[in-house]
Amino acid sequence: MTSAILWTPAANRAAADMIGAALGWGEGSYTIDLSADGGASITHVACRADVSPAFIDMFGAAKAGSYPPGLPEALQPAIAAIEGDFSDTLWGAAHLTAVLDTHGMERV
Amino acid sequence: MTKLITTPLGGAEGLAIIKTRLQAITDGCFGTGAYAGAANWGGVRALLNPMLPAAIANREAVGSYIAKLNILNNPVSRLVAAIFTGANDVLFDFTDPVGNFADTAGTVQITHNTALARSNSLINGVNSQQATSSLRGLWMSDNTGGWYRPDQTDDLFAFNLPSAVTGTLILVGRNGTYFETRDAALGATVNVGWLTPHIRNGTYGKMNILEAVGDVLAIGFKEGALTDDQKLHIARAFRPFGGGGIWTLEPELLTNTTYTTTTNLTLGTGWTHDAGNGRAVRAAGSAQGVIRENPGALVTDAFYNIEMDFVSITAAGTTRLQLVAGSALTSTSKIIITSTALAGRRISGVQKAVAGDDGMGVYGNSATYVVIDNPSMRRMTKGW
């Protein structure tokens, strides 16, 4: 399995959670609160998950506008606002830390 | 009871004879029917000689069973009989796939490197379910047994006690074993997650403790206090599965632990000393700053327990309790004070020192408005 960090602007949390639910992940996947400006306010939210190569392919295709079957049309635009980082060498907190460092975000 | 194994098993006899004698030895040592519990000739043979071919599942099942017996001891089941006897006691055992599942319904037994969706307590019919797949940790195993590996980012293992009672939360890990008193006022739901106990869900306790515990062999709760002997009993029961010793605290490293003076304190930007009350105050409005004491070089990669009373929190802003290198915040596992609701609490956490760390401090940004007191920094060591 590959470790995935997925993050999106905080305003997109509900839609991102609904996408996760539509993919069978259950409710409330995006529980990691982030700040992109070092302040106390939450600017982004994230989740970490173990994903398959098929998911990575699907995610890339969806970002390019080819959405997975069954995904409600109203949720399709929200995928564009979800960013992803995938790693076969980093996992868990080490992966999250690396992503946050790269993108200048902090956990709130 | 001492059993001497005198049967030659070196190949002079046929497999059927060896099998019969192994059955007798197993039943003799562990009680009638024990071999049936082990159940599997292929697995026993693989256990005795790992070079022989056998299905991985057979090896794991029998290897786990024999390890759990700990040769005439059977430590985990003894724990339940000896310690976890109360109506509100629970014990989740991850060393064995039995009782751990890949689905929340509890119909698919867990296998190596699979997300743990449900675990059943060995007692009192309690179970933990995680319905959100991205919040599940992994269940992993080798020939010593199994363990639960939370990702320490968002994975959450939660369960409900039969009643909200004061007791002891138990985390047995391959890196160390940790016990923490948990107050009944926190309610019946126990959360073990990235900030164990998860401070944002209304509980409070030692944050980042999972980093010190490591891969988790068992999670338990025992109503009331545990004696030192009971703690040792629990930790040692899991030692055959790779369990680490019990985390304890070494002597205090800070010299100014009361804030009655400013001796050895560095008051960063925005911090003032309230001499009348013997506290430090950070009022909102000034630039970010760190109040700190730097007693000397910390041991790189050692774990430190840091604590502080947050007497009041008018505005949480961005407030962090941290190990520091000079005035620099170093550890990535920051202890974040997120809410005014935490006012009046003593907040504690664990951080691993990085090269250059020499003290602890509290960081506040321009929005932080807090009053703090009674800091503590103690190295953690573990033993039996």
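As a reminder, the structure under discussion sits directly above these lines.
Please read all numbers here as calculations on a predicted model, not as lab measurements.

On a plain count of helices and strands, chain A comes out with 4 helices and 5 strands. Along chain A, from the amino end to the carboxyl end, the secondary structure elements read β-α-β-β-α-α-β-α-β. Its C-alpha radius of gyration of 13 Å places chain A within 12% of the 13 Å reference for a compact globule of 108 residues. Reported as C-alpha extents along the three principal axes, the dimensions of chain A are approximately 35 × 30 × 25 Å. Put simply, chain A has 108 residues, and 44% of those count as buried. The contacts of chain A with a sequence gap of at least 6 include a subset with a gap of at least 24, amounting to 68%. Just so you have it, chain A exposes about 4,800 Å², and 57% of that area is on carbon and sulfur atoms. Charge centroids of chain A, computed over 4 positive and 12 negative side chains, lie 4 Å from each other.

Okay, the sheet that holds strand β4 (residues 118-120) of chain B next. Residues and elements named next belong to chain B. Taken in spatial order, the 3 strands of this open sheet run β2-β4-β5, and their pairing is antiparallel. Each edge of the sheet is formed by a strand with only one pairing partner; in this case those strands are β2 (100-101) and β5 (127-129). Strand direction decides the pairing type here: β4 and β5, joined by 3 bridges, are antiparallel. When the sheet's bridge partners are listed, N120 is paired in β5 with N127.

Attention shifts here to the packing of aromatic side chains. Residues and elements named next belong to chain B. Enumeration according to the criterion identifies 12 aromatic pairs over all chains in this entry. In this structure an aromatic cluster arises from ring pairing among F92, F94, Y148, F157 and F159. Sitting over the ring of W147, R174 keeps its end group 3.7 Å from the ring centre. Across the ring face of W384, the terminal group of R239 is positioned such that the distance to the ring centre comes to 4.0 Å.

Take the side chain of S3 of chain A next. All names here are of chain A. The residue S3 is located in strand β1 (residues 2-9) in this model. According to the relative accessible area criterion, S3 is buried, its value standing at 1%. Polar contacts involving the side chain of S3 include one to the side chain of H95, which spans 2.8 Å. Contacts of S3, omitting those with residues within four sequence positions, involve R48, A49, D50, D85, F86, S87, L90, W91, G92 and H95.

Another aspect to go through is the sheet that holds strand β3 (residues 44-51) of chain A. Residue and element names in this part refer to chain A. Overall, antiparallel pairing links the 5 strands, which are arranged β4-β1-β3-β2-β5 in an open sheet. Looking along the sheet, the strands with just one partner apiece sit at the ends: β4 (83-87) and β5 (106-107). Helix α4 (residues 92-103) rests against β1, β2 (32-35), β3, β4 and β5 of the sheet, and its axis sits at about 45 degrees to β1.

On to the nonpolar core. Inside soluble globular proteins, nonpolar side chains tend to come together where they are buried. Residues and elements named next belong to chain B. One finds F92, F94, F157, F159, L171, I209 and I219 to be the most contacted residues of the largest nonpolar core, which totals 28 residues. Sorting the residues of this core by element identifies β1 (90-93), β8 (156-160), β9 (167-173), β11 (189-193), α6 (209-213) and β13 (216-223) as the ones contributing at least two each. Sort the elements by how many residues they give to this core and α6 lands first, with 4 residues. Each residue touching F92, except ones within four places of it in the same chain, is listed here: S119, N120, S121, V126, N127, S128, F157, F159, L217, A218 and I219.

Glancing now at the interface of chain B and chain A. On the chain A side, the residues contacting the 23 residues of chain B number 25 residues. Each partner contributes to the roughly 1,700 Å² buried at the junction of chain B and chain A, and carbon and sulfur atoms together form 49% of this total. Linking chain B with chain A are 2 salt bridges. Viewed at the interface, chain A and chain B are joined by 7 residue pairs in polar contact (both at pLDDT 80 or more). Considering only residue class, the side of chain B that touches chain A consists of 6 nonpolar, 11 polar and 6 charged.

Calculation notes
- Residues numbered from 1 in each chain as written.
- Chains lettered and ligands numbered in written order.
- Predicted model: local features only at pLDDT ≥ 70, side-chain atom pairs only at ≥ 80, totals over all residues.
- Heavy atoms only, no water.
- Helix = DSSP H or I, 4+ residues; strand = E, 2+ residues; numbered from the N terminus.
- Rg over C-alpha atoms; globule rule 2.2 N^0.38 Å.
- Buried < 20%, exposed > 50% of the residue type's maximum accessible area, 1.4 Å probe, protein only.
- Contact = heavy atoms within 4.5 Å.
- Areas by Shrake-Rupley, 256 points an atom, 1.4 Å probe, with all protein chains shown as cover.
- Lys, Arg positive; Asp, Glu negative; His and termini not counted.
- Charge placed at Lys NZ, Arg CZ, Asp CG, Glu CD.
- Pairing = 2+ DSSP bridges.
- Phe/Tyr/Trp six-rings, centres within 6.5 Å; stacked < 30°, edge-to-face > 60°.
- Lys NZ or Arg CZ within 6 Å of the ring centre and 35° of its normal.
- Polar contact = N/O pair within 3.5 Å; in protein donor to acceptor, adjacent residues only side chain to side chain.
- Axes fitted to C-alpha atoms, helices over the stretch in contact; angles between N-to-C directions.
- Core = buried A, V, L, I, M, F, W, Y, C linked by side-chain atoms within 4.5 Å.
- Buried area = accessible area lost by both parts, 1.4 Å probe.
- Salt bridge = Lys/Arg side-chain N within 4 Å of Asp/Glu carboxyl O.
- Nonpolar A, V, L, I, M, F, W, Y, C, P; charged D, E, K, R; others polar.

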